[in-house]
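A closer look at the structure
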Amino acid sequence: MEFPFDVDALLPERITVLDQHLRPPARRPGTTTPARVDLQQQIMTIVDELGKASAKAQHLPAPITSASRMQSNRHVMYILKDTSARLAGKGAIVGFLKVGYKKLFVLDDREAHNEVEPLCILDFYIHESLQRHGHGRELFQYMLQKERVEPHQLAIDRPSQKLLKFLNKHYNLETTVPQVNNFVIFEGFFAHQHRPPATSLRAIRHSCAAAVDPMPAAPARKLPPKRAEGDIKPYSSSDREFLKVAVEPPWPLNRAPRRATPPAHPPPRSSSLGNSPERGPLRPFVPEQELLRSLRLCPPHPTARLLLATDPGGSPAQRRRTSSLPRSDESRY
Ligand SMILES: CC(=O)SCCNC(=O)CCNC(=O)[C@H](O)C(C)(C)COP(=O)(O)OP(=O)(O)OC[C@H]1O[C@@H](n2cnc3c(N)ncnc32)[C@H](O)[C@@H]1OP(=O)(O)O
């Protein structure tokens, strides 16, 4: 991927590591240094464009990687630059790998719930013209060393078929432990404790947290005591979850006419049971029960208040629903 600015000077190393600050790396001595704000803008452009290209390659309706999402999450991006002579000049980007720690509830092979916080593979992309040339492996290997993590200790957020083949080929990862969320974990996930290095993403995160939080950080990957089954949410939050959520106006503005026939294609099942989850385009899907729950939790929209105030003949059922809210619920709005 080429850019209208000098990528080669902006990212002096073959692999650049970016965190939420999206700081431009130090430049080579002797290179002219544009204003820092311009450099940061260039970094943001690269992140945005890589995110868009990755989403397109995975047929996602929207990018899951962008400069703004990087800034609001503690994720780390490993960006691989093309150093081949062919592209000498302004340089080019080959691809990227994005990782981050996430709290997940995962099932072990006895189907017991475990609360864990593994390093997750969140997004991974190599430019179409350069796939199957070993660049993905180079990036992945660099990340494993930097984070000091073994491949079987990772959780993968909705891996594509290509990524599953990649993991199988390079790291012999094949047998998955069935899950009920979008993350895929492999045999061996529970076998070893992971202790992150002092400079790893997780260690940095904990040291930052310690600065503001007087509570000592929990030891790395220590599994908390098992919870009662009823306390555990069955789904873990995937970075891709936001793609599924329909943005709806609140009641009563969200009352769409009922569909006479069921949709031609049901929404893709969220599953990691043995196979790669489906990666078809994600369509907005709000189950009825969830909709009803959101009606109870959702604060009345100002327009809805106005409608109710100005419509004395409004349906009594609607008025009852609004006024029967317990006060404690209303005070949360
Ligand atoms: C959590 C997530 O990020 S899921 C999304 C993963 N990203 C994508 O699917 C986007 C499109 N794909 C890509 O960007 C790349 O193919 C990646 C990132 C998956 C792998 O990077 P590459 O540089 O191609 O991998 P690398 O060259 O190191 O390894 C090649 C191996 O990867 C797998 N692979 C790569 N491309 C393909 C493909 N088109 N079809 C099947 N397997 C593939 C194969 O195992 C391949 O080995 P082979 O050529 O001997 O069959």
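One can find the structure itself at the top, above this paragraph.
What comes next is a walk through the structure. Keep in mind that this is a model prediction, so the values were computed, not measured.

Our next topic: the nonpolar core. By size, the foremost hydrophobic cluster in this structure holds 28 residues, and its most contacted members are L97, I121, F140, M143, L154 and L167. Counting residues per element, the ones that place at least two in this core are β2 (76-82), β3 (92-101), β6 (119-126), α4 (135-147), α5 (161-171) and β9 (183-186). It is α5 that provides the largest number of residues to this core, a total of 5 residues. Residues within four places of M143 in sequence aside, it is in contact with Y78, L97, V99, L119, I121, R148, V149 and L154. In this structure, L10, I43, M44 and I79 belong to the second largest nonpolar core, which totals 21 residues.

On to the side chain of Q153. The topology assignment puts Q153 in the loop between α4 and β7 (155-157). Taking relative accessible area as the criterion, Q153 reaches 4% and is therefore assigned buried.

This part covers the pattern of salt bridges. This structure, assessed with the given rule, holds 4 salt bridges. Its salt-bridge partner being K81, residue D8 comes within 2.8 Å of it at the nearest N-O pair. Remark: K81 occurs in strand β2 and D8 occurs in helix α1 (residues 7-10); sequence separation between them is 73 residues. Judged by its relative accessible area of 1%, K81 is buried. As a salt-bridge pair, R110 and D108 come within 3.6 Å of each other at their nearest N and O atoms.

This part covers the packing of aromatic side chains. Scanning all chains against the criterion turns up 8 aromatic pairs. Here the aromatic rings of F3 and F5 are separated by 5.5 Å at their centres, their planes lie at 25°, and the arrangement is stacked. For F3, a relative accessible area of 7% corresponds to the buried category. Ring geometry for F124 and F140: centres 5.8 Å apart, planes at 40°, overall tilted. Here F124 is found in strand β6, whereas its partner F140 is found in helix α4, with 16 residues between them in sequence. In terms of burial, F124 and F140 fall into one category: buried.

This paragraph deals with the site of the ligand. Residues in contact with the ligand amount to 27 residues; listed here are only the nearest, F124, R132, G134, S160 and K169. A distance of 3.2 Å separates an oxygen atom of the ligand from a polar atom in the backbone of K165. Summarising the interface, the protein chains cover 86% of the accessible area of the ligand, which totals 960 Å² for the free molecule. Within the residue set of the shell around the ligand, elements represented by two or more residues are β6, α4, β7 and α5. Tallied by class, the residues present in the shell around the ligand amount to 9 nonpolar, 8 polar and 10 charged.

What counts, and where the lines are drawn
- Residues numbered from 1 in each chain as written.
- Predicted model: local features only at pLDDT ≥ 70, side-chain atom pairs only at ≥ 80, totals over all residues.
- Heavy atoms only, no water.
- Core = buried A, V, L, I, M, F, W, Y, C linked by side-chain atoms within 4.5 Å.
- Buried < 20%, exposed > 50% of the residue type's maximum accessible area, 1.4 Å probe, protein only.
- Helix = DSSP H or I, 4+ residues; strand = E, 2+ residues; numbered from the N terminus.
- Contact = heavy atoms within 4.5 Å.
- Salt bridge = Lys/Arg side-chain N within 4 Å of Asp/Glu carboxyl O.
- Phe/Tyr/Trp six-rings, centres within 6.5 Å; stacked < 30°, edge-to-face > 60°.
- Near = heavy atom within 4 Å.
- Polar contact = N/O pair within 3.5 Å; in protein donor to acceptor, adjacent residues only side chain to side chain.
- Areas by Shrake-Rupley, 256 points an atom, 1.4 Å probe, with all protein chains shown as cover.
- Nonpolar A, V, L, I, M, F, W, Y, C, P; charged D, E, K, R; others polar.

Read these as geometric descriptors, not functional statements.
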